Amino acid sequence: MSEDLFPIPADWAAHARMNQTARAADYRRSLDDGDAYWLEQAQRLDWITPPTRASDSSFDEADFGIQWFADGTLNVSANCLDRHLAERGDVTAILWEPDDPSEAPRSLTYRELHAEVCRFANVLKDAGARRGDRITIYMPMIPEAAMALLACARIGAIHSVVFGGFSPEALAGRITDCDSSIVVTADEGRRGGKRVPLKANVDAALALDHCTSVRRVLVVRATGGAVAMQPGRDSWYDEAMAGVAPDCPAEVMNAEDPLFLLYTSGSTGKPKGVVHSSGGYLLWASLTHALCFDYRPGDVWWCAADVGWVTGHSYIVYGPLANGATTLMYEGLPSWPTPSRIWEVVDRHQVHTLFTAPTVLRALMKEGDHHVAKTSRASLQLLGSVGEPINPEAWRWYHGVAGEGRCPIIDTWWQTETGGAMIAPMPGATDLKPGSATFPMPGVEAQIVDGEGAVQDGASEGNLVIARSWPGQMRTVWNDHERFFQTYFTTFPGKYTTGDGARRDEDGYYWITGRVDDVINVSGHRMGTAEVESALVLHATVAEAAVVGMPHDIKGQGIYAYVTLNVGEEPSEDLRRTLTQWVRSEIGPIATPDVIQFAPGLPKTRSGKIMRRILRKIAEGEVSAQALGDVSTLADPSVVADLVRSRAGVA
Ligand code: 6R9
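Residues numbered from 1 in each chain as written. Predicted model: local features only at pLDDT ≥ 70, side-chain atom pairs only at ≥ 80, totals over all residues. Heavy atoms only, no water.

Description of the pattern of salt bridges
Here is step 1: Per the stated rule, a full pass over the model turns up 41 salt bridges.
Here is step 2: Asp257 is the salt-bridge partner of Arg131, the closest N and O atoms lying 3.3 Å from each other. Residue Arg131 is located in the loop between α5 (110-126) and β4 (134-138), and its partner Asp257 is located in the loop between β11 (253-254) and β12 (258-264); the two are separated by 126 residues in the primary sequence.
Here is step 3: The shortest N-O distance in the salt bridge between Asp574 and Arg577 comes to 2.8 Å. Pair noted here: Asp574 and Arg577 are both in helix α18 (residues 573-586), with a separation of three residues, about one helical turn. Take Asp574 and Arg577: they sit in the same class, and that class is exposed.
Here is step 4: What emerges from the salt-bridge pattern is a single network uniting Lys199, Asp203, Arg233 and Asp234. (Salt bridge = Lys/Arg side-chain N within 4 Å of Asp/Glu carboxyl O. Helix = DSSP H or I, 4+ residues; strand = E, 2+ residues; numbered from the N terminus. Buried < 20%, exposed > 50% of the residue type's maximum accessible area, 1.4 Å probe, protein only.)

Considering the site of the ligand
Here is step 1: Surrounding the ligand, one finds 17 residues, the nearest of these being Asp411, Thr412, Thr416, Asp500 and Arg526.
Here is step 2: A distance of 2.9 Å separates an oxygen atom of the ligand from a polar atom in the side chain of Gln415.
Here is step 3: Measuring from an oxygen atom of the ligand, one finds a side-chain N or O atom of Arg515 at 2.8 Å.
Here is step 4: In the complex, the protein chains occlude 96% of the 530 Å² of accessible area that the ligand would expose alone.
Here is step 5: Elements with a minimum of two residues in the shell around the ligand: α11 (310-322) and β24 (510-515). (Near = heavy atom within 4 Å. Polar contact = N/O pair within 3.5 Å; in protein donor to acceptor, adjacent residues only side chain to side chain. Areas by Shrake-Rupley, 256 points an atom, 1.4 Å probe, with all protein chains shown as cover.)

A look at the UniProt feature "binding site: ATP" (unreviewed entry) in the protein
Here is step 1: Within this numbering scheme, the UniProt entry marks Gly387, Glu388, Pro389, Asp411, Thr412, Trp413, Trp414, Gln415, Thr416, Asp500, Arg515 and Arg526 as carrying the feature "binding site: ATP" (unreviewed entry).
Here is step 2: One can find Pro389 in the loop between β17 (382-385) and α15 (392-402).
Here is step 3: You can call Pro389 partly exposed: its relative accessible area is 42%.
Here is step 4: Looking at where Arg515 falls in the secondary structure, it is placed in strand β24.
Here is step 5: Accessibility expressed as a relative area gives 25% for Arg515, which makes it partly exposed.
Here is step 6: Look past the residues within four positions of Arg515 in its chain and what remains in contact with it is Gln415, Thr498, Gly499, Asp500 and Arg526.
Here is step 7: Within the structure, the side chain of Arg515 is placed 2.6 Å from the side chain of Asp517, a separation counted as a polar contact. (UniProt positions renumbered as here; feature names shortened; annotations may be inferred. Contact = heavy atoms within 4.5 Å.)

If you want it as structure tokens, here you go:
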């Protein structure tokens, strides 16, 4: 790994809100005098009742609980909209770039967005939505998606966004788990010139026996494609908007009232509904957006994620809008219709900061630098990365080719659970090392612990844990507080377990080494191996399945599935295709296995536990006896040789 240092550029050092000394002092104070520090930071929000207490949190079993600003009240949509109207009402809030570059972009000022959100909130109320109700949002990347989030926030309803790439099955599971009564969707989405049948997927989800909670479906006309409307249940959004009052007072919410839930994959079981709060979450999204990206009024900000992931929640919608920013929302794919598209969008909208994922960079890198060189990119001042470890080669390309050596790379490490960036550089305060997310953000007491939980000081490597609560921390797993505690606070008692490994070098820089659990990261998207396994074993031909990650040039990790068929079933190319398609329809295209290896047997211990370590090695192509290590504890060591032999035919 490269340890070169890229010093803070002089212009950033001169004008950024945080310099090196200030960052260090600020961090110290955030830990040494946390309550005062956070009550002060909380003033960046517009409170109805300002909080008088900061954290009431404990990670210990006896008094476990997480609360921030518990006596404060506010409304998140008012923070993102109303408070900007007096001074920034005519500033562009959302800039929208369509999938098809020949179409015109759209833009909405804060005043216009406020008006739309108020009406949308009234539409939701008319549909029966009340404070605390769950509303599922299954939308393409159009401004109405952001409006839907803010409209929920305005009336105190809890939104649950489901990524548009999830299948009807996966959508239904997420609707049922939180007992959602309303779905907001669109006729179709568009991505890379293709149509995504969102409304048809909703219909298919709601037709499933177990999916019975939804009473109303609101449909935004995005493409004009034909869809079936079920009378009494489905309404067109534009028609509903025409019939409601233009003003809608913002509901007074407690800081701890849930703002949203977002399903994410873990190492076991079905996806968890991660619950985020109103006050602490918004403060974290807003503060980290301001600090990591040194956001200034007038800068055009582009987070190229999908609103279906936490990155879209925190850095397309909540953080930037709370900060009065101009946030660009892009409907399409970074490399469609050509690999220059991402840079053309930068030029078209004079983007100041671009925030994207390493998988995108690796894919673009492969296409050749001429696709970049033919664009100007003169407006770019800062580049961000998120979603997976950025390999130094991609980092250098991003910095040198895309940013022409001018733009610091802000590599932000965080998780759905953390609400916003946890370890990240600040452009005026942090010398960069390619591949390192650098230092913890204020209030983030990051530690490296060994397998027994002993804290490692100085240069070390091990499990990354966070030793105390921070405002943006998730508060619970929807409907399963016990699972929340068990998942995150029992491996290393008294600490939040991230599931990531990390190394800290002699200069104190953190290097995230990737997941240490059974979560794999495919193109920056989290996938639980257990989820893919459950999908596979649901198929009539499959007896057993084991899924592991494998190295993949573009995606970071690919999905490698070992499948044992039922007695009497024969492996074939046809069956391989059928099973691949099956997983796509059970979960969605993001879960498509890259390799399916038919395995007569899986390596198991005598107690029946699958030895994933061995399966990972075989998937990586590491098949020497030395790489595979000790197999003598297996119930049947000969299965390993069989797997190695049959691997040759598939990978
Ligand atoms: C924001 C987001 C979380 C997991 C996380 C880690 C990986 C994210 C990273 C990174 C190294 C970075 N991850 N950012 N690893 N460097 N800058 O991606 O949330 O979808 O929940 O994924 O992604 O492994 O644990 P989420």
